[in-house]
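Commentary on secondary and tertiary structure
Single-letter residue listing:
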Amino acid sequence: MAATPKTALGRQRRLLHQILKSVREERHLTKDQVAAAMGVSKRTYHDFEKGAREYDFNKIRLFAKATRSDASAIHLGVQYNWPEFPLLLMDNKMATAFYILTRDLHGEYGDRLARVPDGLLIAGFRHISEEIKKFFERRAANSEDYMARAIQQSYEDPAGGGDGDSQP
């Protein structure tokens with residue numbers, strides 16, 4: 001059966017095309033630049049981005065490396081039909097970071113990791129959520145403080161002679 005937009009495989013290919021194109025364009029790269037960085041021919045890359053070839057995990061890894069994006073987020077974006085997901089995580093690599101941390105935990109705790117209760121994981125993610133909230137609050141406060149200082153400085157006399165109403 002051919003992959004048409006009405007089949008699951010066709011929808012997957014169309015979604016992958018949308019994601020790859022969005023990531024590439026967000027990085028301001030041409031198809032030819034990405035092909036060269038991936039070490040594949042232009043035709044191979046064009047077909048890959050267009051969705052004309054099979055879903056290829058290795059090519060997605062090469063694409064992520066070439067575009068400095070997150071391969072895990074690309075896979076998850078396709079799997080869960082969320083094309084914006086890879087764009088959200090392309091700089092901080094959160095999906096791949098989660099994989100790496102899980103792999104490291106498995107290295108330390110082995111198969112016991114499977115017995116970690118979901119409540120503990122939820123509590124951990126809530127803690128991360130609170131830390132992210134604090135990060136954005138600090139960032140906003142720093143931005144507001146910076147703008148307040150910058151505006152105040154812009155009102156000062158550039159010649160350093162006061163407010164301009166003084167008599168000599």
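To keep things clear, this report deals only with the structure shown in the data block. (Residues numbered from 1 in each chain as written. Predicted model: local features only at pLDDT ≥ 70, side-chain atom pairs only at ≥ 80, totals over all residues. Heavy atoms only, no water.)

**Brief notes about the nonpolar core**
Counting residues in hydrophobic clusters, the biggest one holds 18 residues, and the most contacted among them are Leu-16, Met-38, Tyr-45, Phe-48 and Phe-63. Those elements that place two or more of their residues in this core are helix H1 (8–26), helix H2 (31–38), helix H3 (42–50), helix H4 (57–67) and helix H5 (71–79). No other element matches H1, which puts five residues into this core. Discounting residues that sit within four places of it in the chain, Leu-16 has contacts with Phe-48, Tyr-55, Ile-60, Ile-74 and Val-78. (Core = buried A, V, L, I, M, F, W, Y, C linked by side-chain atoms within 4.5 Å. Buried < 20%, exposed > 50% of the residue type's maximum accessible area, 1.4 Å probe, protein only. Helix = DSSP H or I, 4+ residues; strand = E, 2+ residues; numbered from the N terminus. Contact = heavy atoms within 4.5 Å.)

**Observations regarding the pattern of salt bridges**
Within this structure, the stated rule accounts for eleven salt bridges. Residue Asp-47 pairs with Arg-43 through a salt bridge whose shortest N-O separation is 3.4 Å. Here Arg-43 and Asp-47 lie together in helix H3, a separation of four residues that amounts to about one turn. Two residues, Asp-56 and Lys-59, come together in a salt bridge whose shortest N-O distance is 3.1 Å. With relative accessibility at 17%, the residue Lys-59 sits in the buried group. Through salt bridges with shared partners, a single ionic network connects Arg-43, Asp-47, Lys-50 and Arg-53. (Salt bridge = Lys/Arg side-chain N within 4 Å of Asp/Glu carboxyl O.)

**Focus on a nonpolar patch on the surface**
Taken together, the side chains of Met-94, Phe-98, Leu-121, Phe-125, Ile-128, Ile-132, Phe-135 and Phe-136 present a nonpolar region at the surface, about 770 Å² in accessible area. Listing elements by their share of the nonpolar patch, those giving two or more residues are helix H7 (94–109) and helix H8 (118–155). Locating Phe-125 in the fold gives a position in helix H8. (Patch = residues over 30% accessible without salt bridge, like charges linked within 9 Å, V, L, I, M, F, W, Y side chains within 5 Å. Areas by Shrake-Rupley, 256 points an atom, 1.4 Å probe, with all protein chains shown as cover.)

**Quick look at the side chain of Arg-24**
By secondary structure assignment, the location of Arg-24 is in helix H1. Here Arg-24 falls in the buried class, since its relative accessible area comes to 7%. Excluding its chain neighbours within four sequence positions, the residues that come into contact with Arg-24 are Leu-29, Thr-30, Lys-31, Val-34, Tyr-45, Glu-49 and Phe-63.

**Concerning the environment of Leu-105**
Within the element layout of this structure, Leu-105 appears in helix H7. On the accessibility criterion, Leu-105 (38% relative accessible area) is partly exposed. Apart from residues lying up to four places away in sequence, Leu-105 is in contact with Gly-110 and Leu-113.

**Some remarks on H1**
Here H1 is 19 residues long and its end C-alpha atoms lie 27 Å apart, about the 27 Å a rise of 1.5 Å per residue gives. Packing partners of the buried residues in H1 comprise H2, H3, H4, H5 and helix H6 (85–89). Count one or two residues on from H1 and you reach His-28, which has phi positive near 60 degrees. (Expected span 1.5 Å × (residues − 1).)

**Quick notes on the packing of H3 against H4**
When two helices pack together, their arrangement is given by the angle between their axes and by how far apart the axes lie. For the pair H3 and H4, interaxial distance at closest approach is 12 Å and the crossing angle is 105 degrees. With respect to H4, the element H3 is oriented roughly perpendicular. Contacts between H3 and H4 involve Thr-44, Tyr-45 and Phe-48 from the first element and Lys-59, Ile-60 and Phe-63 from the second. The residue makeup of the contact of H3 with H4, split by class, is four nonpolar, one polar and one charged. (Axes fitted to C-alpha atoms, helices over the stretch in contact; angles between N-to-C directions. Parallel < 35°, antiparallel > 145°, perpendicular 65-115°, else oblique. Nonpolar A, V, L, I, M, F, W, Y, C, P; charged D, E, K, R; others polar.)

**Comments concerning H5**
Three or more residues of H5 are buried, namely Ala-71, Ala-73, Ile-74, His-75, Gly-77 and Val-78. Where H5 is buried, its residues meet H1, H4, H6 and H7.

**Let's talk about the packing of aromatic side chains**
Enumeration over the complete set of coordinates arrives at six aromatic pairs. Ring geometry for Phe-135 versus Phe-136: centroids 5.1 Å apart, planes at 70 degrees, classification edge-to-face. For Phe-135, a relative accessible area of 41% translates into the label partly exposed. (Phe/Tyr/Trp six-rings, centres within 6.5 Å; stacked < 30°, edge-to-face > 60°.)

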